[in-house]
Amino acid sequence: MENLIDLSSDAYFMKEALRLAAKAFEKEEVPVGAVVVREGKIIARASNQVEMLKDATAHAEMLAITQAEASVGDWRLNDCDLYVTKEPCAMCAGALVHVRMRRVIFGCADERSGAAGGTINLLQMAGLNHRCEITSGVLQEECASLLQSFFKARRRDNVPDA
């Protein structure tokens with residue numbers, strides 16, 4: 001039996017990831033939010049906490065993976081889906097393959113450092129022990145707009161007084 005992708009539920013879960021990303025923005029973190037879904041229910045929620053925790057690995061995806069593992073009681077998440085507002089980086093994509101995430105759904109692409117097709121596609125790389133299904137572009141404009149607003153404000157705030 002083939003699984004049909006329900007784009008309305010993709011949008012629903014991405015909206016929750018966007019809500020988390022907006023909270024990260026308010027805390028002056030890069031606004032990325034992530035949720036892990038299992039059997040139609042959110043089992044993990046996270047946003048970037050790199051600055052708050054002073055930890056380069058505290059990306060939304062990594063924090064959500066850790067929460068999901070605790071919820072499931074196993075490091076294998078092969079019946080789970082991750083919704084994230086921005087294409088995962090190489091670190092996060094590697095972790096997603098390692099935990100055997102079934103599906104990765106992201107909002108906007110990251111052409112500079114994305115590892116789900118932006119610069120490389122680690123999620124579906126031949127030779128690795130697992131390949132994640134990928135759905136991209138879910139609420140793309142909203143996700144991109146939040147990131148663009150954040151970095152525009154950062155550039156504005158970092159301009160020295162004339």
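Nothing here was measured: the structure is a model prediction, and the numbers come from that model. (Residues numbered from 1 in each chain as written. Predicted model: local features only at pLDDT ≥ 70, side-chain atom pairs only at ≥ 80, totals over all residues. Heavy atoms only, no water.)

### Considering the layout of surface pockets
At step 1: In this model, the largest pocket occupies a volume close to 580 Å³.
At step 2: Lining the largest pocket we find 22 residues, and of these Val 30, Lys 86, Asp 110, Leu 147 and Phe 151 sit closest to its centre.
At step 3: In terms of residue count, helix 5 (residues 140-157) provides more of the lining of the largest pocket than any other element does, five residues in total.
At step 4: Considered class by class, the residues forming the lining of the largest pocket number nine nonpolar, four polar and nine charged. (1 Å grid on protein atoms, 1.4 Å probe; cavity = no way out; pocket = protein on both sides within 12 Å on 5 of 7 lines; lining within 4 Å. Points joined across faces, edges and corners; volume = space filled by probe spheres on them. Helix = DSSP H or I, 4+ residues; strand = E, 2+ residues; numbered from the N terminus. Nonpolar A, V, L, I, M, F, W, Y, C, P; charged D, E, K, R; others polar.)

### Overview of the nonpolar core
At step 1: One finds Met 14, Val 36, Leu 82, Met 101 and Leu 123 to be the most contacted residues of the largest nonpolar core, which totals 44 residues.
At step 2: When contributions to this core are tallied by element, the ones reaching two or more residues are helix 1 (7-26), strand 1 (33-38), strand 2 (41-47), helix 3 (60-72), strand 3 (80-86), helix 4 (90-98), strand 4 (103-108) and helix 5.
At step 3: Per element, the largest residue contribution to this core is seven residues, and it comes from helix 1.
At step 4: When near neighbours in sequence (up to four residues on either side) are disregarded, Met 14 contacts Tyr 83, Val 84, Thr 85, Ile 105, Phe 106, Gly 107, Val 138, Leu 139 and Cys 143. (Core = buried A, V, L, I, M, F, W, Y, C linked by side-chain atoms within 4.5 Å. Buried < 20%, exposed > 50% of the residue type's maximum accessible area, 1.4 Å probe, protein only. Contact = heavy atoms within 4.5 Å.)

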